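# Report on the structure
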Amino acid sequence: MTEDQSSIDPRPKSWIDKIAQVFSDEPTDTNSLLELLRNAEQDSVLDADALSIIEGALQVSSMQVKDIMITGKKLPIINLNKTLNEAIKVINSKNLGLVVVIEKNLVKGILTDGDLRRAIKSIKMDDKVLSIMKNKPITATSDLLISSAVVLMNKNSITSLIIANKNVPIGIVNLKKC
């Protein structure tokens, strides 16, 4: 069968033929991929729900942590010379289960509600945050892709990631709040 004959073939195409036709031109960027997927939906190769899921996944794949991080007054920050009692108040008021511990506006540590639970038998409420905080917490920059942040958090078994600019805290990404 010649090429001209195949283009006028009245028989309906199989789904394999439709898929092969849709993917005959490889996309070179996200926009061309989206165009290809929308054409696949129009050709009934892909349903609308699947297209919507893929479009959402592609949108999120290019997002950076700065697009979702908690910032400003919602950021739980405390000076390392403050007491555990003061830290608990911040943890409770900010509702993230942690405080970022700073000294001279620089990240020095992190204290989580889990750290407090594990240390409860050996601490006093007037002890300093410094006494049980984790030193040198994992931080990232605001241009980190969300997908990379999730990998970093999973790799280190943490649910919150401090976002810093030159070690100055500017935000937090929390898996439970995303």
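Cut-offs and rules
Residues numbered from 1 in each chain as written. Predicted model: local features only at pLDDT ≥ 70, side-chain atom pairs only at ≥ 80, totals over all residues. Heavy atoms only, no water. Helix = DSSP H or I, 4+ residues; strand = E, 2+ residues; numbered from the N terminus. Buried < 20%, exposed > 50% of the residue type's maximum accessible area, 1.4 Å probe, protein only. Contact = heavy atoms within 4.5 Å. Core = buried A, V, L, I, M, F, W, Y, C linked by side-chain atoms within 4.5 Å. Expected span 1.5 Å × (residues − 1). Arc of directions from axis to C-beta.

### Observations regarding the overall build of the chain
A tally of helices and strands in the chain yields 7 helices and 7 strands. Residues counted as buried form 30% of the 178 residues belonging to the chain. Taking as baseline every contact in the chain between residues at least 6 positions apart, the subset at least 24 positions apart corresponds to 51%.

### A few points about the nonpolar core
Counting residues in hydrophobic clusters, the biggest one holds 15 residues, and the most contacted among them are Val99, Val101, Leu111 and Val129. Those elements giving two or more residues to this core turn out to be α5 (84-94), β2 (98-103) and α6 (113-119). Ranked by the residues each element gives to this core, the list is headed by α5, at 4 residues. Excluding anything up to four places from it in sequence, Leu111 contacts Leu84, Ala87, Ile91, Gly97, Leu98, Val99, Val101, Leu116, Val129, Ile132 and Met133. By size, the runner-up hydrophobic cluster in this structure holds 10 residues, among which are Ile70, Leu98, Val100 and Val107.

### Here we look at helix α3 (residues 30-42)
In this model, α3 (13 residues) spans 18 Å end to end at C-alpha, consistent with the 18 Å of a helix rising 1.5 Å per residue. The set of residues buried in α3 consists of Leu34, Leu36, Leu37 and Ala40. Each buried residue of α3 sits inside an arc of 160 degrees when the element is viewed along its axis, so together they form one side. In α3, the exposed positions angled more than 90 degrees off the buried face are occupied by Asn31, Glu35 and Gln42. Downstream of α3 by a residue or two, Ser44 has a phi angle that is positive, lying close to 65 degrees.

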